[in-house]
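# A look at the structure
What follows is each chain in one-letter form.
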Amino acid sequence: MRWFFLILTLFAVMLAVGYGARGTKFSKPPFELFPDMDRQYKVKYQKPSEFFEDGSGARRPVVGTIPMGYQAPLNKKDTPVGSEYYRSGLFGDFYGDGFPEEVKVDAALLDHGRRRFQIYCTPCHGESGNGQGVVAKYWLIPPTANLVDPRVKALPDGQIFWTITHGKGLMGPYSGAVPIADRWAITAYVRALQGASGN
Amino acid sequence: MGNPFPRWTNWLPVQIVICLGALGTVVTAWVWYTWTPKYTRVGYQPNQPIPFDHTIHAGQVGMDCRYCHSFVENSAHSNVPNAQVCWNCHGPGKVKSDSPKLEPLRQAMDTSNSNYTGAPIRWVQIHETPDYAYFNHSAHVNRGVSCVECHGKVNEMPVVYHAKPLSMGFCLDCHRNVESHLRPLDEITNLDWEAHDLDKDQFYAYLAEKTGKPADDLKEADKNKELNARLVGARLKEMMNVNPPQDCAACHR
């Protein structure tokens, strides 16, 4: 009896020390009792897949098909949704001015543009668009464009949209992170900032 | 004929019961303590290919969560950024572009790099619900549930770890008591938000504007109450009609 309790105490101490407290940091993947239920063999967001030859779970649409939720293309050159100007900011080889008919410029659009601008643009261009964002404050890189400068004010709307999409100079493209409708909203908000700056 | 069993054996059954009971207690305590996501998942802190520091990006620099996790409001899945998003700030000639820590990024993006592969960076997913539970990020962040409710204060984690259990019990605790976990939609990504930071007038004006319903009655009713997380959550739930489902099919299809 005495021996049993001595061994049991030792066993309990070993369990406590070996397993440690809840919340202890560890780097190995968490234990799962039924991994085949927890991790099913199916394609998941942003995960690799052994099923496809290139190892990528994310697939491109098959040529000539339209993803669910998109409209049929207007012509052969079009990718789905909207006019060419709405998608590119260009008419042929020239920047367009004014907002495409798909975009309704109202207070809600400006408000949405403000939120998006404050997420994606303020780190470099600053909250007021003057090019004095946090990047300019801490790291020495060539000056960021002052969006409320008369030079930028004179640019056509299509060029501002195009610059958000493709980047310019050191600025990288934002087409991957900011959808088309949001880019037009940001363009509208940049116009509002310029109007408010008095330059 | 004498008794074949010595006298001490009379106590043997009792001793066996006591020993088994003690053993059972230890094993039960161990199972209770460790067989739960509170033990198996909380604290998971894998090594990432690039030691991305959230305290710098989301803390010091003050970037919004959505700069990188850009589709959390539109999608069930909150994306990790593609390498282009990193490259927009850390490309050649830009912020810390020569850092050796960024080698995997250069391999993914820099075509002039001798080790260029063009393959995506293999970030390790930390928060991962089982595949039979379908969590929708957009449904939560568009109703006023902040990132911090499930992920903890990521802006204070130099290396991100699993902070909350994300077990089914954890989900249900919130679904049954949602008042304590809601906030105005503008503060979703403000992980340091406190309910008492809110201005009372602005809050009721926000409620009215957001829902198109008058909030004056509520404002009058709450005149003498302090604005705490529970009151804010209760008013948001009421006005925005937040009714978290508790049936199985809500998460399990």
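If you're wondering where the values come from, they're calculated on a predicted model, not measured in any experiment.

### Focus on helix α12 (residues 229–240) of chain B
Each turn of an α-helix holds 3.6 residues, which means side chains three or four residues apart point in the same direction. All names here are of chain B. For α12, spanning 12 residues, the distance from its first C-alpha to its last is 16 Å, which sits close to the expected 16 Å at 1.5 Å a residue. Buried residues of α12: Val232, Gly233, Arg235 and Leu236, and no others. Down the axis of α12, the buried side of the element spans an arc of 165°, and every buried residue falls inside it. One or two residues past the end of α12 sits Asn241, with phi positive at roughly 60°.

### Comments concerning the confidence of the model for chain B
Residues and elements named next belong to chain B. With 100% of its residues at a pLDDT of 70 or more, chain B shows a mean pLDDT of 92. The weakest mean pLDDT in chain B belongs to helix α11 (residues 216–221) at 86; the strongest belongs to helix α8 (residues 148–151) at 96. In the predicted assembly, ipTM is 0.86 and pTM is 0.88.

### A few points about the packing of helix α8 (residues 157–166) of chain A against helix α9 (residues 180–197) of chain A
Residues and elements named next belong to chain A. It is the contact of α8 with α9, at a shortest axis distance of 9 Å, that shows an interaxial angle of 125°. One way to sum up the angle between α8 and α9 is to call them oblique. Remark: the crossing between α8 and α9 carries right-handed chirality. In contact with Asp157, Ile160, Phe161, Ile164 and Thr165 of α8, α9 contributes Arg183, Trp184, Ile186, Thr187 and Val190. Along the lines of polarity and charge, the residues of the contact of α8 with α9 split into six nonpolar, two polar and two charged.

What counts, and at which threshold
Residues numbered from 1 in each chain as written. Chains lettered and ligands numbered in written order. Predicted model: local features only at pLDDT ≥ 70, side-chain atom pairs only at ≥ 80, totals over all residues. Helix = DSSP H or I, 4+ residues; strand = E, 2+ residues; numbered from the N terminus. Expected span 1.5 Å × (residues − 1). Buried ≥ 20, exposed ≤ 12 C-beta atoms within 10 Å, placed from the backbone. Arc of directions from axis to C-beta. pLDDT = per-residue confidence, 0-100. Axes fitted to C-alpha atoms, helices over the stretch in contact; angles between N-to-C directions. Parallel < 35°, antiparallel > 145°, perpendicular 65-115°, else oblique. Left-handed = near helix turned anticlockwise from the far one by under 90°. Contact = placed C-beta atoms within 7 Å. Nonpolar A, V, L, I, M, F, W, Y, C, P; charged D, E, K, R; others polar.

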